[in-house]
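The lines below spell out each chain.
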Amino acid sequence: MCVLIGDSLFDIEGAQAAGVPVIAYANKRPKIQRFTGAGADVTLTNMGEIAAALHDLGSR
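What you see is a predicted model; the values in this text were computed from it and never measured. (Residues numbered from 1 in each chain as written. Predicted model: local features only at pLDDT ≥ 70, side-chain atom pairs only at ≥ 80, totals over all residues. Heavy atoms only, no water.)

Participant: If you had to explain the overall build of the protein chain to someone new, which residues and values would you point to?
Facilitator: On a plain count of helices and strands, the protein chain comes out with three helices and three strands. Reading the protein chain from its N terminus to its C terminus gives the helix and strand order β-α-β-α-β-α. Burial analysis of the protein chain (60 residues in total) assigns 22% to the buried set. Taking all contacts inside the protein chain whose residues are at least 6 apart in sequence as the whole, residues at least 24 apart take part in 17%. Counting only carbon and sulfur atoms, one obtains 58% of the accessible surface of the protein chain, whose full area is about 4,200 Å². (Helix = DSSP H or I, 4+ residues; strand = E, 2+ residues; numbered from the N terminus. Buried < 20%, exposed > 50% of the residue type's maximum accessible area, 1.4 Å probe, protein only. Contact = heavy atoms within 4.5 Å. Areas by Shrake-Rupley, 256 points an atom, 1.4 Å probe, with all protein chains shown as cover.)

Participant: Kindly report on the confidence of the model for the protein chain, identifying the contributing residues and their values.
Facilitator: Per-chain confidence: the protein chain averages 89 in pLDDT, with 88% of residues scoring 70 or above. The element-level mean pLDDT for the protein chain is lowest in helix H3 (residues 47-58), coming to 74, with helix H1 (residues 9-18) highest at 97. (pLDDT = per-residue confidence, 0-100.)

Participant: Could you give an account of the nonpolar core, with specific residues and numbers?
Facilitator: Ranked by size, the top nonpolar core spans seven residues in total: Ile12, Ala15, Val22, Ala24, Ala26, Phe35 and Ala40. Secondary structure elements with two or more residues in this core: H1 and strand E2 (22-25). (Core = buried A, V, L, I, M, F, W, Y, C linked by side-chain atoms within 4.5 Å.)

Participant: For the sheet that holds strand E3 (residues 42-44), give the residues involved together with the corresponding values.
Facilitator: If you walk across this open sheet you meet the three strands as E1-E2-E3, and the pairing is parallel. The sheet is open, and its two borders are formed by strand E1 (4-6) and E3, each paired with just one other strand. For this sheet, the mean inter-axis angle between neighbouring strands, taken without regard to orientation, is 20°. As paired strands, E2 and E3 are joined by three bridges and run parallel to one another. (Pairing = 2+ DSSP bridges. Axes fitted to C-alpha atoms, helices over the stretch in contact; angles between N-to-C directions.)

Participant: Just give me the short version of the environment of threonine 43, but keep the residues and values in it.
Facilitator: As for its placement among the helices and strands, threonine 43 is situated in strand E3. Take threonine 43: its relative accessible area is 25%, and that puts it in the partly exposed class. In contact with threonine 43, not counting residues within four places along its chain, are Ala24, Ala26, Ile32, Phe35 and Thr36.

Set out below in structure tokens:
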């Protein structure tokens with residue numbers, strides 16, 4: 001499985017065009033609404049959440 005982690009609308013649109021799930025990283029508050037509205041599968045505001053999830057997957 002593949003997933004794209006991006007921080008721009010272009011990233012979200014590109015992932016959707018490729019049929020790849022996208023995790024949007026909103027490093028600024030206004031991006032949260034934009035990314036959610038653009039259809040990101042998940043929108044996060046803290047890269048630590050991604051690191052923790054990847055760490056958990058690697059521990060299995």
